[in-house]
Structure formats: structure tokens, C-alpha cells
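# Geometric and topological summary
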Amino acid sequence: MIVLKGAEVSAKIREDVQKMLGELGGIIPKLAIVRVGENPDDLSYERGAVKKMENFGLRVQCYGFPADIEEETFLRELKSINEDGDIDGILVLRPLPSHISSKAVEEEIHPGKDLDGISPVNIAKVFSGDETGFAPCTAEAVVEVLKQNQISITGKRVVIVGRSMVVGKPLSMLMLKENATVTICHTRTQDLFRTCKGGEILVAAAGRAKMINHEYVGEKAVVIDVGINVDDRGKLCGDVDFEDIQDKAAMATPVPGGVGTVTTAVLAKHLVRAAGMRR
Ligand code: NAP
């Protein structure tokens, strides 16, 4: 089984970003990362994103707000980041605390700065196949992994496990745009084994540690693991039992070191594109 390493895809995206930066005439785009509270997962993601932006030669500013910030105050702060002429793109770390309405945040963020595709305008663009918007970075990262590894999507049976607005749904639209025949699975899917087995490309985005074993994988399938979980020994793992599918799949992404690495590279690419659109 060939291991599809995120670092190699990320390095190729970095080259694209450098070319795009060259066309910006010396402007160094700036990302705002907006965090509420001190959730360890958010802090870890933030550190990784800052490192990646710096590695790509981009600027980043982190805004951390207390977990009990009032919704009204938070939306006012977000508005001022939206209006800051020095900021080209915004990433709001989610989920937000329950007292802050996700809908209000999605509607507040300026579509041109909405690098993770959460605003209604960008969602509509993804669903209508309009490439002028921003798709959620994780969903786009899956497509990048396939394309940068010269894995053809056109005409393929793609099975996606998960139907969230962050991964499953937008990814299904991106795959459709690439002319795949898409099946979306979820907790009510019957005979999940058989459906997954029929996929020439199988994407796992369920958030269930190692649930996809060899029984779900078709012969010579390409398996993309979006999941980020912790196993019963406290170790980071994906939705796929990587060891168990070795003799079945043709190719697969590891966790860590797979899609997650590519997601922040896509974020960087979106940032430079946003800066190019705005300046
Ligand atoms: P989510 O909102 O919890 O959605 C999970 C989806 O999977 C739901 O649609 C759910 O179905 C489905 N599902 C759960 N268990 C299932 C099962 N046993 N059989 C079939 N379907 C099942 O999660 P998410 O935000 O999409 O994230 C999914 C995973 O990706 C998580 O591990 C998350 O940490 C990871 N993630 C990674 C990145 C990255 O950069 N690599 C970014 C975002 C998320 P129902 O709709 O029926 O409940």
C-alpha cells in the first residue's frame, strides 16, 4: 500500500503559494486566527497554523478571547477584525461556546475574508460549483491530496462517510464538480460495509477512532482519512485502522501526517487568494 504523505502535498501547495505571492507585488498577506477560550485542541491547531503561515512566508495574528465573552462583544470584535484593512483573511476556531450563535458568526464574517468557507455566500458558491468562493479547507484538502498525487477523480465512485457542513457535505459537492459519482454515508446508512466497499475512493470523516477496517475497503481502493481522534491508549489516530487495511487498499493517507497537514496549506493558499482579490 502506498502511503499518501501530507507533507509532500503541502510542499507542492507551498510552491503554488510562492508563485501567487510573486504576483502580489510585495504584499505579505495577513491571517487573523480568532479563538474563544483555551481549549487544548484549539491551542494546538493554532500553534500548527501559525507555524505553517510563517513557513509559507505569511503574516498571522492570533486573537484569543475569554470563554465567557458575551456574544454581542464577540460579534463586535469580529466586526472590527472584518473591517481591519491590514487583515486579508479570518479563521474562527470552532466549535464556539454554546452561548455564541454559530449562525450569527457565519453571517458576520465577510465572505471575501472567510477562508474556511463558513459564510452563507461561500457555502452557496461551493454548492453551485462557483470557484470564486472559499470551500472549507479540510474538504478542499482531500481533493488536493488526490490531485497532487495524480489520482483521477473523474467518473470514479467516491464514498464519503460523514455529512457534516465542515467536511462531508462540501466535499461531496467538490467531488461532484470533479465529475465523481458520489455516495454520502451517515449513522442511518444501512449496510455501511457494502456501501463503503463499493467506493474506488473512500473518504472517512466520521470522527470514530479506527472504525474503517479492511471489511469496509474495496480491493485497491484509495482511502483518505480525515478523522482526528484519540485511541484507547491516548494516541492520535484517524477514522481508519491503518494497519488493518494495508493488504486491501492501494493507497491511504496516515494520521497524523495526512489530510491535517494539507488543511493548513490550503488555508495559506486561501489567504493569498483572498489578498489578491482584495488588494
Ligand atoms: P461531525 O460533525 O461529528 O460529523 C460526523 C459525521 O459522521 C456525521 O455526519 C455522522 O452521521 C457521521 N458518523 C459518525 N459516526 C458514524 C458511523 N458509525 N457510521 C456512519 N457515519 C457516522 O464531525 P466533523 O466535524 O465532520 O469531523 C469528522 C472528523 O474529521 C473528526 O474526527 C474531526 O476531528 C476530523 N476533522 C479533521 C480536520 C482536518 O483538518 N484533518 C478538520 C475537521 C475535522 P450523522 O450525521 O448521522 O450523525
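Right above here is the structure, for reference.
Everything numeric in this text was worked out from a predicted model, so none of it was measured.

Next up on the list: the overall build of the chain. In terms of regular secondary structure, the chain is built from nine helices and eleven strands. Taken over the C-alpha trace, the chain has a radius of gyration of 19 Å; the compact-globule value for 279 residues is 19 Å, and the two agree within 12%. Once the C-alpha set of the chain is aligned to its principal axes, its extents read approximately 50 × 40 × 35 Å. A buried classification covers 47% of the 279 residues belonging to the chain. If you sum the accessible surface of the chain, you get close to 13200 Å²; carbon and sulfur atoms cover 50% of it. When the 35 basic and 40 acidic side-chain charges of the chain are each reduced to a single mean position, those positions are 4 Å apart.

Attention shifts here to the nonpolar core. Membership of the largest hydrophobic core comes to 51 residues, with the highest contact counts inside it found for Met175, Val203 and Ile224. Looking at this core element by element, the count peaks at ten residues for helix α9 (residues 259-278). Here this core gathers at least three residues from each of two domains, domain 1 (25-110) and domain 2 (137-260). Setting aside chain neighbours within four positions, we find isoleucine 224 in contact with Leu4, Val142, Val145, Leu146, Leu202, Val203, Ala204, Thr253 and Val259. If you look at the next biggest cluster of nonpolar residues, it comprises 18 residues, including Val34, Leu78, Leu96 and Ile100.

This part takes up the packing of aromatic side chains. Any aromatic ring pair is given by two values, namely how distant the centres are and how the planes are angled relative to each other. This model, assessed by the stated rule, comprises two aromatic pairs. Consider the rings of phenylalanine 65 and phenylalanine 74, whose centres lie 5.7 Å apart with planes at 80°: the pair is edge-to-face. Under the relative-accessibility criterion, phenylalanine 65 is labelled buried at 11%. You can call phenylalanine 74 buried: its relative accessible area is 0%. Relative to tyrosine 216, the ring of phenylalanine 193 lies with its centre 4.5 Å away and its plane at 35°, an arrangement referred to as tilted.

Next up on the list: a negative patch on the surface. Taken together, the side chains of Glu215, Glu243, Asp244 and Asp247 define an acidic patch exposed on the protein surface. Given a relative accessible area of 74%, aspartate 247 falls into the exposed group.

As summarised here, the arrangement of the three strands in space is β3-β2-β4, forming an open sheet in which the pairing is parallel. In this open sheet, the two edge strands, each paired with only one partner strand, are β3 (59-65) and β4 (89-92). Going from strand to strand, the sheet's axes swing by 20° on average, the running direction of each strand aside. Across four bridges, the pairing between strand β2 (residues 30-36) and β4 is parallel. Among the inter-strand pairings, valine 34 is bridged to a residue of β4, identified as valine 92. Here helix α2 (residues 40-55) sits on the sheet and contacts β2, β3 and β4; the angle it forms with β2, its principal contact strand, is near 175°. Contacts from α9 reach β2, β3 and β4, with the element oriented near 125° to β2.

All right, on to a nonpolar patch on the surface then. The grouping of Ile228, Val230 and Leu236 at the surface amounts to a nonpolar patch, some 300 Å² of accessible area in total. Inspection of the secondary structure assignment puts leucine 236 in strand β10 (residues 236-237).

Turning to the sheet that holds strand β5 (residues 157-161), a few remarks are in order. Taken in spatial order, the six strands line up as β1-β11-β8-β7-β5-β6 in an open sheet, and their pairing is parallel. The sheet is open, and its two borders are formed by β1 (2-3) and β6 (181-185), each paired with just one other strand. Across the sheet, helix α7 (residues 168-177) is in contact with β5, β6 and β7 (201-204); its angle to β5 comes to roughly 170°.

This part is about the site of the ligand. The local shell around the ligand holds 20 residues, among which Thr138, Arg163, Ser164, Thr187 and Ile228 are the closest. Side-chain polar atom of arginine 163 to an oxygen atom of the ligand: 2.7 Å apart, as the coordinates give it. Between the ligand and the protein, one listed contact pairs an oxygen atom with a side-chain N or O atom of serine 164 at 2.5 Å. Coverage of the ligand by the protein chains reaches 71% of its 920 Å² of free accessible surface. For the shell around the ligand, a count of residues per class yields eight nonpolar, ten polar and two charged.

Moving on: the side chain of glutamate 46. Along the chain, glutamate 46 turns up in helix α2. According to the relative accessible area criterion, glutamate 46 is buried, its value standing at 10%. Beyond its immediate sequence surroundings of up to four residues, glutamate 46 is in contact with Ile33, Arg35, Cys62 and Leu93.

Scanning all chains against the criterion turns up 15 salt bridges. Residue aspartate 16 pairs with lysine 269 through a salt bridge whose shortest N-O separation is 3.6 Å. Highlighted residues: aspartate 16 in helix α1 (residues 6-22) and lysine 269 in helix α9, separated in sequence by 253 residues. In this structure, lysine 177 and glutamate 131 form a salt bridge, with 3.7 Å as the shortest nitrogen-oxygen distance. With lysine 177 in helix α7 and glutamate 131 in the loop between α5 (120-128) and α6 (137-148), this pair connects stretches of sequence that are 46 residues apart. In this structure lysine 177 comes out as partly exposed when scored by relative accessible area, which is 38%. For glutamate 131, a relative accessible area of 61% translates into the label exposed. Three or more residues are tied together by salt bridges with common partners; here these are Asp16, Glu144 and Lys269.

How each quantity is defined
By convention here, each chain's residues receive numbers from 1 onward along its written sequence. Per-residue local features are limited, in this predicted model, to residues with pLDDT of at least 70; the limit for side-chain atom pairs, both in listing and counting, is 80 or more; totals at the level of whole chains, interfaces and linings are taken over all residues. The basis for every side-chain value is the complete set of heavy atoms in the structure, and neither hydrogens nor water enter the calculation. Secondary structure elements follow DSSP: runs of H or I of four or more residues count as helices, runs of E of two or more count as strands, with numbering from the N terminus. C-alpha atoms define the radius of gyration in this analysis, and the globule rule sets the expected value at 2.2 Å times the number of residues to the power 0.38. Three labels apply to residues, based on accessible area from a 1.4 Å probe with only protein chains included: buried if under 20% of the type maximum, exposed if over 50%, partly exposed otherwise in between. All accessible areas in this document rest on Shrake-Rupley with a 1.4 Å probe, and a residue is counted as covered only by the protein chains that are shown. Charged residues are defined here as Lys and Arg on the positive side and Asp and Glu on the negative side; His and the ends of the chain fall outside this count. All charge positions are set by atom: Lys at NZ, Arg at CZ, Asp at CG, Glu at CD. The nonpolar core is taken to be a set of buried Ala, Val, Leu, Ile, Met, Phe, Trp, Tyr and Cys residues, with the residues joined through side-chain atoms within 4.5 Å. Domain delimitation follows an automatic or database domain assignment. Contacts: residue pairs with any heavy atoms within 4.5 Å of one another. Aromatic pairing here means that ring centres of Phe, Tyr or Trp (its six-membered ring) are within 6.5 Å. Orientation follows from the plane angle: under 30 degrees is stacked, over 60 is edge-to-face, and everything else is tilted. Patch rule: a residue counts if its relative accessible area is over 30% and it has no salt bridge; like charges are joined within 9 Å, and nonpolar side chains (Val, Leu, Ile, Met, Phe, Trp, Tyr) within 5 Å. Any Lys or Arg side-chain nitrogen located within 4 Å of an Asp or Glu carboxyl oxygen qualifies as a salt bridge. Two strands form a pair only when DSSP identifies at least two bridges running between them. Fitting a line to C-alpha atoms yields each axis, with helices limited to the stretch in contact; the angle taken between N-to-C directions then spans 0 to 180 degrees. We call a residue near a molecule or strand when any one of its heavy atoms sits within 4 Å of it. Counting of polar contacts relies on pairs of N or O atoms within 3.5 Å, with two restrictions inside protein: one atom must be capable of donating a hydrogen and the other of accepting it, and residues adjacent in sequence are counted only when both atoms are side-chain atoms. When residues are grouped by polarity, Ala, Val, Leu, Ile, Met, Phe, Trp, Tyr, Cys and Pro land in nonpolar, Asp, Glu, Lys and Arg in charged, and all others, Gly among them, in polar.

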